[in-house]
Amino acid sequence: MSQFWKPGAEKPRLLDDEEGGVVFLSSSISSSSSSGYGYASVEKQRQRLPVYKYRTAILYLVETHATTIIVGETGSGKTTQIPQYLKEAGWADGGRVIACTQPRRLAVQAVASRVAEEMGVKVGEEVGYTIRFEDLTNKDLTLIKFLTDGVLLREMMDDPLLTNYSVIMVDEAHERSISTDILLGLLKKIQRRRPELRLIISSATIEAKSMSAFFQARKVRRGLEGGDFVPRLEPAILSVEGRGFNVQIHYVEEPVSDYVQTAVSTVLLIHDKEPLGDILVFLTGQDDIDAAVQFLTEEARTNRKNSSGLIILPLYSGLSRAEQELIFSPTPRGKRKVVISTNIAETSLTLEGIVYVVDSGFSKQRFYNPISDIENLIVAPISKASARQRAGRAGRVRPGKCYRLYTEEYFINEMSAEGIPEIQRSNLVSCVIQLKALGIDNILGFDWPASPPPEAMIRALEVLYSLGVVDDDAKLTSPTGFQVAEIPLEPMISKMILSSNELGCSEEIITIAAVLSIQSIWISARGAQKELDEAKLRFAAAEGDHVTFLNVYKGFLQSGKSSRWCHKNFVNYHAMKKAIETRDQLKRIVQRIGIVLKSCDSDVQVVRKAVTAGFFANACHLEPYSQSGMYKTVRGSQEVYIHPSSVLFRVNPKWVVYHSVVSTDRQYMRNVISIDPSWLLEVAPHFYQHQRLNPIQ
Ligand code: CDP
Ligand code: MG
């Protein structure tokens with residue numbers, strides 16, 4: 001269609017185009033979902049999903065096997081239908097609950113709404129969901145519960161055998177999120193103690209054989225519950241045949257230098273040359289998605305001919321419910337929806353009506369280096385498996401097209417076949433503390449679906465030891481270790497909260513903890529950077545970002561939580577509302593573990609000390625004579641810089657601790673606060689006793 005595009009040979013699926021079926025099914029679901037529909041039509045729509053043909057087989061396998069592995073294309077009905085089949089077959093009778101886990105919160109909310117709608121019930125009653133800091137379930141009513149895999153892990157702390165559940169469906173297992181992997185290891189253990197528990201592992205592209213081997217490799221124990229029916233231990237595998245349409249792949253002829261800009265021009269080209277049909281663009285995160293939305297919206301304003309009829313919508317975690325609904329609502333006749341998304345739309349969510357996919361070839365991924373002890377969030381190339389999934393999203397309703405913003409040669413020769421499980425590329429501090437809290441002491445010997453690197457484990461244990469969370473025998477300390485484990489946040493944040501109790505600034509620190517759990521409280525301002533910087537200056541505190549958050553929070557409360565105030569100050573209203581909700585929940589949790597809420601008024605020194613008590617491992621000092629603002633981490637001597645979004649950017653205090661690191665052209669510290677280096681020895685003597693703490697004094 002344009003000189004820089006060439007059609008490629010790769011066809012992700014070579015199924016024949018089918019008449020009827022999914023085409024009409026999909027559009028009728030979409031158009032009816034906003035207006036509500038009668039029972040019969042819902043039933044019909046459910047029956048047209050590919051998974052329906054397997055209903056009896058699935059129920060039989062679940063009945064007779066401890067573990068059933070179900071592989072099926074995205075959109076075939078696994079997530080929304082299987083929990084309903086189980087309920088219909090009686091798995092939720094007698095006070096038991098069917099659980100379905102997802103790696104992403106947004107997916108949890110979206111599928112729960114969808115299933116509630118199909119069942120004609122309200123979310124929070126028969127169908128409910130739980131994500132961190134938000135529980136929409138009812139103890140007496142809920143039969144099907146969607147939850148993140150992380151939340152299910154937390155539930156194990158109170159109920160180690162998960163006795164509440166009759167069936168647990170671990171969905172999206174191919175994503176191999178860190179929590180999914182821990183969960184699989186633990187569920188395998190639980191099965192030995194609870195033979196009546198059923199597991200379903202479901203995913204779009206799982207290596208079913210390796211997963212099956214994982215569940216099969218176990219010591220078989222005989223004579224469990226004398227006389228009771230014991231399901232077969234070797235897993236059953238079921239493959240649901242999809243009904244996707246042919247997707248034609250196009251590659252760029254030359255590598256592109258700016259994938260955001262190329263994605264935008266590709267959307268405009270499609271809009272100009274191709275028949276109507278929605279477009280799904282895969283970028284990497286809020287920053288580049290907001291930038292693309294802005295470019296396209298501006299284009300729509302200045303060049304109406306090119307872009308009339310486009311509805312441009314971002315899709316990433318942290319969107320409000322109202323924003324999510326827009327994405328799922330049907331495209332009005334004669335219009336074209338453009339959804340610009342992170343890889344959440346790769347397999348977790350099905351968007352109807354997508355005919356064109358634009359794939360940047362990148363996603364944001366975590367990478368941890370145990371040597372430097374830095375965990376980075378970086379924009380990294382996706383795998384071939386992901387690229388195929390992304391392309392597949394174009395073939396839901398009719399034959400589609402996928403535009404890859406990389407060359408065919410790159411796809412064939414350089415893209416890796418599969419991604420690396422998250423557990424092998426993450427900082428393991430949170431993971432280790434969770435296992436410890438569940439009484440798993442031999443973490444290296446734990447039965448992992450994929451073993452984490454031992455160096456990362458050792459690093460994590462070192463940090464936990466310095467935080468006072470584990471003792472010399474690597475056991476959780478009492479009370480600190482147990483309290484830190486109880487708070488559903490990163491251990492460093494939990495430790496910061498515990499320290500604030502002693503320092504008399506818990507009110508301030510839980511505000512900071514709530515804000516840190518949110519992506520950004522600022523509105524992204526491409527093109528209005530100057531105004532955003534000016535707005536930030538109104539709140540900026542010389543001590544750093546954490547204290548600045550306190551100023552914004554105070555301002556928001558004083559404005560009466562006004563959205564106009566937010567707009568005027570470049571503050572994200574939804575993010576602030578979320579921060580307040582999170583803070584309320586957190587307040588309840590920390591009070592439960594004995595923390596007394598107390599404000600330090602304006603003594604920010606104690607706030608900085610409390611932050612240091614949690615984040616001492618992330619301490620850095622400014623390189624003497626550095627013109628460019630280069631810092632070195634105290635521990636690993638790694639080069640890092642203050643992120644331009646920080647209020648300390650260009651201020652460059654001598655000593656700082658950071659909350660996280662992101663990498664683009666350099667390693668940037670996000671959320672930074674200045675500290676006094678003597679505090680490091682005070683709060684973490686073991687950690688720093690051998691370090692040189694005074695290079696510039
Ligand atoms: O889990 P899987 O990818 O196999 O499919 P699903 O999420 O259960 O989706 C099954 C079907 O439900 C999709 O094809 C959509 O037609 C519909 N659906 C929807 O319209 N809106 C949602 N929020 C979720 C699903
Ligand atoms: Mg699904």
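- If you look the chain up in an unreviewed UniProt entry, it shows as ATP-dependent RNA helicase from Melia azedarach.

**Details of the confidence of the model for the chain**
Low pLDDT marks stretches whose predicted atomic positions should not be read closely.
Right, so step 1: When pLDDT is averaged along the chain, the result is 88; 91% of the residues meet or exceed 70.
Right, so step 2: Taken as a whole, residues 11–38 scores under 50 in pLDDT and shows 41 contacts with residues more than four places along the chain or in a different chain.
Right, so step 3: For residues 222–226, every residue scores under 50 in pLDDT, and the model assigns this stretch three contacts once sequence neighbours within four places are set aside.
Right, so step 4: The ipTM assigned to the predicted complex is 0.98, against a pTM of 0.89.

**Observations regarding the nonpolar core**
Right, so step 1: The biggest cluster of nonpolar side chains holds 188 residues, and the ones touching the most others in it are V281, A292 and A513.
Right, so step 2: Element by element, the count of residues in this core is highest for helix α5 (residues 105–119), at eight residues.
Right, so step 3: Not counting residues within four places of it along the chain, the set of residues in contact with A292 comprises V260, A263, V264, V281, L283 and I340.

**Notes on the pairing of strand β11 (residues 278–282)**
Right, so step 1: Along β11, five of the five residues are buried, which leaves the element largely enclosed by surrounding structure.
Right, so step 2: Here β11 shows two buried faces, one formed by D278, L280 and F282 and the other by I279 and V281.
Right, so step 3: Sheet topology note: the β11/strand β14 (residues 354–359) ladder contains five bridges and is parallel. Within β14, the position partnered with V281 by the bridge is V358.

**Considerations on the sheet that holds strand β7 (residues 165–170)**
Right, so step 1: Pairing is mixed across the open sheet formed by eight strands, whose spatial order is β5-β4-β6-β3-β7-β8-β2-β9. Only two strands of the sheet have a single partner each, and these edge strands are β5 (134–136) and β9 (236–240). With strand direction ignored, the average angle separating the axes of adjacent strands in the sheet is 20°.
Right, so step 2: Sheet analysis places strand β3 (residues 97–102) next to strand β6 (residues 144–148), joined by five bridges and oriented parallel. The residue bridging Q102 from the neighbouring strand is T148, located in β6.
Right, so step 3: Contacts from helix α6 (residues 149–158) reach β3, β4 (127–131), β6 and β7, with the element oriented near 100° to β6.
Right, so step 4: Docked against the sheet, helix α7 (residues 178–193) engages β3, β7 and β8 (198–203), running at close to 145° with respect to β7.

**Some remarks on the environment of F616**
Right, so step 1: With respect to the element layout, F616 can be found in the loop between α25 (604–615) and β18 (619–622).
Right, so step 2: For F616, a count of 25 C-beta atoms within 10 Å gives the class buried.
Right, so step 3: Residues F616 and L681, 65 residues apart in the sequence, show an inter-C-alpha distance of 9.2 Å.
Right, so step 4: Beyond its immediate stretch of four places on either side in the chain, F616 contacts V657, L680, V683, A684 and F687.

**A word on the sheet that holds β11**
Right, so step 1: Pairing is mixed in the open sheet, where seven strands are placed in the order β1-β10-β17-β14-β11-β13-β12. The strands lining the two open edges of the sheet, one partner per strand, are β1 (5–7) and β12 (310–315). If you compare each strand with its neighbour and ignore which way they point, the axes differ by 20° on average.
Right, so step 2: Where β14 and strand β17 (residues 400–404) come together, four bridges link them in parallel fashion. Pairing of V358 across the sheet is with Y403, part of β17.

Cut-offs used in this document
- Residues numbered from 1 in each chain as written.
- Chains lettered and ligands numbered in written order.
- Predicted model: local features only at pLDDT ≥ 70, side-chain atom pairs only at ≥ 80, totals over all residues.
- pLDDT = per-residue confidence, 0-100.
- Contact = placed C-beta atoms within 7 Å.
- Core = buried A, V, L, I, M, F, W, Y, C linked by C-beta atoms within 7 Å.
- Buried ≥ 20, exposed ≤ 12 C-beta atoms within 10 Å, placed from the backbone.
- Helix = DSSP H or I, 4+ residues; strand = E, 2+ residues; numbered from the N terminus.
- Pairing = 2+ DSSP bridges.
- Axes fitted to C-alpha atoms, helices over the stretch in contact; angles between N-to-C directions.

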